[in-house]
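# A structural walkthrough
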Amino acid sequence: MKKITLLLLSMSLALTSCSSSDDDGGTNNPEFAMTARINNTTFEANNPFGSNTFSETNIWSYYPLEDYVLLQGRAGGPFGNPEINLWLKRSQIAVGTYPIEQETFSTPPSHFIDLIDNSNEVSEHTKNGNIVITEVNTSTKIVKGTFQFNCVDELDNSSAPINFAVTQGTFRYKYAE
C-alpha cells in the first residue's frame, strides 16, 4: 500500500510540474533564454537556476541592482561554463540598438555585455558589439533581443587580436517581478 501511495504521489507531482503558466500559452517560450555562437560553437543557456528570470544578485558594484537588471546565461546550470551577462539599465529598457564600447570602468554605460569562460587562462574583456532590444512587453515583463560582441585578452592594447567572437546572440528574459 505504501508503494502505491508513493507511486500515485510521484505521478501527480510529475503531471503538475509539467504545466505552463506563461501568459502566451507557451507558444513563444523557447527552451533556452539565451543562445549564441562563441567562436562558431553553439551556446545555449538559461540563468544559473534553469529559468529565464533576471538575476537578483550582482557582485559588480559598477552595475548597482537599483539601476541595472542582470540577465545571466550560464550553460550547464549553477556550476556551468561559459556564461554571458547582459546588464540593462532599468530606465532605458526600450526597443532600440545599443552600441557596446570597450570596458572603461569609469562611467557605467546604458547597457553592457560580457563573457566569462573559466575553462582557459585567457581574459575575456569586451572590446565592442551591440545589443538590440526587439521587444519589451510591459504586461509580462519580458524583454527580447539580439546581441553580438568581441572580446580581447589585453584591454589596454588597441591592436590585441579578438580571442572570442560572440555572434548570433538572442535573449528572452523576464526583466522584473
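Residues numbered from 1 in each chain as written. Predicted model: local features only at pLDDT ≥ 70, side-chain atom pairs only at ≥ 80, totals over all residues. Heavy atoms only, no water.

### Observations regarding the pairing of strand β1 (residues 34-38)
This is how the line gets drawn: Relative accessibility decides the category of a residue: with a 1.4 Å probe and only protein chains considered, values under 20% of the type maximum give buried, values over 50% give exposed, and everything between is partly exposed. Only DSSP runs of H or I reaching four residues or more are called helices, and only runs of E reaching two or more are called strands; each is numbered from the N terminus. A pair of strands is considered paired only if DSSP assigns at least 2 bridges between the two.
Taking every second residue as pointing to the same face, the buried face of β1 carries M34, A36 and I38, while none of T35 and R37 on the other face is buried. With five bridges connecting them, β1 and strand β2 (residues 41-45) associate as antiparallel partners. Within the sheet, the bridge partner assigned to T35 lies in β2 and is E44. Connecting β1 to the next strand, β2, in antiparallel fashion are two residues, including N39 with a positive phi near 50°.

### Some thoughts on the side chain of N46
The test is simple: Each polar contact in these results corresponds to two N or O atoms within 3.5 Å; when the atoms are within protein, one needs to be able to donate a hydrogen and the other to accept it, and residues that are neighboring in sequence are counted only if both atoms are side-chain atoms. Whether two residues are in contact is decided by their heavy atoms: any pair within 4.5 Å suffices.
Mapped onto the fold, N46 is located in the loop between β2 and β3 (68-74). At a separation of 2.8 Å, a polar atom in the side chain of N46 contacts the main-chain amide nitrogen of A33. Ignoring any residue separated from it by four or fewer positions in sequence, one finds N46 in contact with E31, F32, A33, S51, Q72, G73, R74 and Y173.

### Observations regarding the side chain of E83
Structurally, E83 can be placed in strand β4 (residues 83-89). Separated by 3.0 Å, the side chains of E83 and N85 make a polar contact. In this view, E83 contacts Q72, G73, R74, D114, L115 and I116; residues no more than four positions away in its chain are not counted.

### Some thoughts on the sheet that holds strand β5 (residues 96-100)
Rule in force here: Axis lines are fitted to C-alpha atoms, over the contacting stretch for helices. Their N-to-C directions set the angle, which ranges from 0 to 180 degrees.
Ordered by their spatial adjacency, six strands build an open sheet running β2-β1-β9-β8-β7-β5, and the pairing between neighbours is antiparallel. Edge strands, defined here as strands with exactly one partner in the open sheet, are β2 and β5. Direction aside, the axes of adjacent strands within the sheet are offset by 15° on average. Here strand β8 (residues 142-152) runs beside strand β9 (residues 162-174); their pairing, made up of 10 bridges, is antiparallel. Paired with C151 across the strands is F164, a residue of β9.

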